[in-house]
Amino acid sequence: MTDRKDELAENLAKVEERIAAACAAAGRPREEVTLIVVTKTYPASDVRILSELGVRHLAENRDQDAAPKAAECSDLPLTWHFVGQLQTNKVRSVVGYADIVQSVDRPKLVTVLSKEAVRAGRELGCLIQVALDAGDGARGERGGVAPGGIEELADLVARAPGLRLDGLMTVAPLAGEYAGRQQAAFERLMVLSTGLRRAHPAATMVSAGMSADLEQAVAAGATHVRVGTAVLGVRLGLG
Ligand SMILES: *Cc1c(COP(=O)(O)O)cnc(C)c1O
């Protein structure tokens, strides 16, 4: 094995242990939680190693980096999640490789995603990104719709050709009433998910938790955790 493969294998094993322990503590079966490895800023060679190590779900947050990486790895059995703020002029590119867009947060984006998914002949999974720190009618600093806007967006996605409503995503807020209270934030997301599933029973995905707070997300009931740093290492520069 290469040094990098050893390193990634060791990090993955540690993250796997954390997820398993969090599931056990919450009385949840391990299979209820899917690990998504966030490879932003890391090269396609790391994606290839992760695939060899059994990782199937990858995430990226910038189309400029993600598009060439996904193209280089198109021979691998991977599911790509797009988790970053998405400008409508990038949608055509993102629809070319993403299986799931986790950052749907405004009606205009739904319209363009639908148009491009239909054009590409694909069905695209969509999560509504919730900004728990945003006031009603507002969007979060890092994207996301305020809780009051979920229903309208969910109905739009559910009716849009080419799109499939899969659930909700959040990033723990740095400001507002949930700052520093990740578990409370993720529990709030679960309540919102329960509400969503009354009208959309198949929208069962709850994507929450990153390297620093995956335990709190699993405890709250998340179905997907998005882990970057703890697997790949500390990112240099932006990302
Ligand atoms: C970068 C990123 C992650 C992973 O964060 P880490 O702290 O590196 O685990 C998860 N979700 C989103 C939306 C991200 O942009």
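So, here is what we can say about the structure in this document. (Residues numbered from 1 in each chain as written. Predicted model: local features only at pLDDT ≥ 70, side-chain atom pairs only at ≥ 80, totals over all residues. Heavy atoms only, no water.)

**Thoughts on the layout of surface pockets**
Empty space among the atoms becomes apparent when a probe as large as a water molecule is rolled across them. In this structure, the second largest pocket occupies an estimated 210 Å³ of space. Breaking the lining of the second largest pocket down by element, the ones donating at least two residues are α6 (150-159) and α7 (182-199). Ranked by residues supplied to the lining of the second largest pocket, first place goes to α7 with six residues. Grouping the constituent residues of the lining of the second largest pocket by class yields seven nonpolar, two polar and three charged. (1 Å grid on protein atoms, 1.4 Å probe; cavity = no way out; pocket = protein on both sides within 12 Å on 5 of 7 lines; lining within 4 Å. Points joined across faces, edges and corners; volume = space filled by probe spheres on them. Helix = DSSP H or I, 4+ residues; strand = E, 2+ residues; numbered from the N terminus. Nonpolar A, V, L, I, M, F, W, Y, C, P; charged D, E, K, R; others polar.)

**Quick word on the site of the ligand**
Around the ligand sit Val38, Lys40, Val83, Met210, Ser211, Arg226, Val227, Gly228, Thr229 and Arg235, and that is every residue in its neighbourhood. In the environment of the ligand, an oxygen atom lies 2.7 Å from a nitrogen or oxygen atom belonging to the side chain of lysine 40. One of the side-chain N or O atoms of serine 211 is found 2.5 Å from an oxygen atom in the ligand. Expressed as a share of its isolated accessible area of 390 Å², the protein-covered part of the ligand is 88%. Classifying every residue of the shell around the ligand gives four nonpolar, three polar and three charged. (Near = heavy atom within 4 Å. Polar contact = N/O pair within 3.5 Å; in protein donor to acceptor, adjacent residues only side chain to side chain. Areas by Shrake-Rupley, 256 points an atom, 1.4 Å probe, with all protein chains shown as cover.)

**Notes on the pairing of strand β4 (residues 100-104)**
Side-chain positions along a regular strand alternate between the two faces of the sheet. Counting buried positions along β4 yields five of five residues, so the element is predominantly enclosed. With three bridges connecting them, β4 and strand β5 (residues 124-130) associate as parallel partners. Within β5, the position partnered with valine 104 by the bridge is isoleucine 128. Running through helix α5 (residues 107-120), the crossover from β4 to the neighbouring parallel element β5 is right-handed. (Buried < 20%, exposed > 50% of the residue type's maximum accessible area, 1.4 Å probe, protein only. Pairing = 2+ DSSP bridges. Right-handed = clockwise from strand over helix to strand, strands pointing away.)

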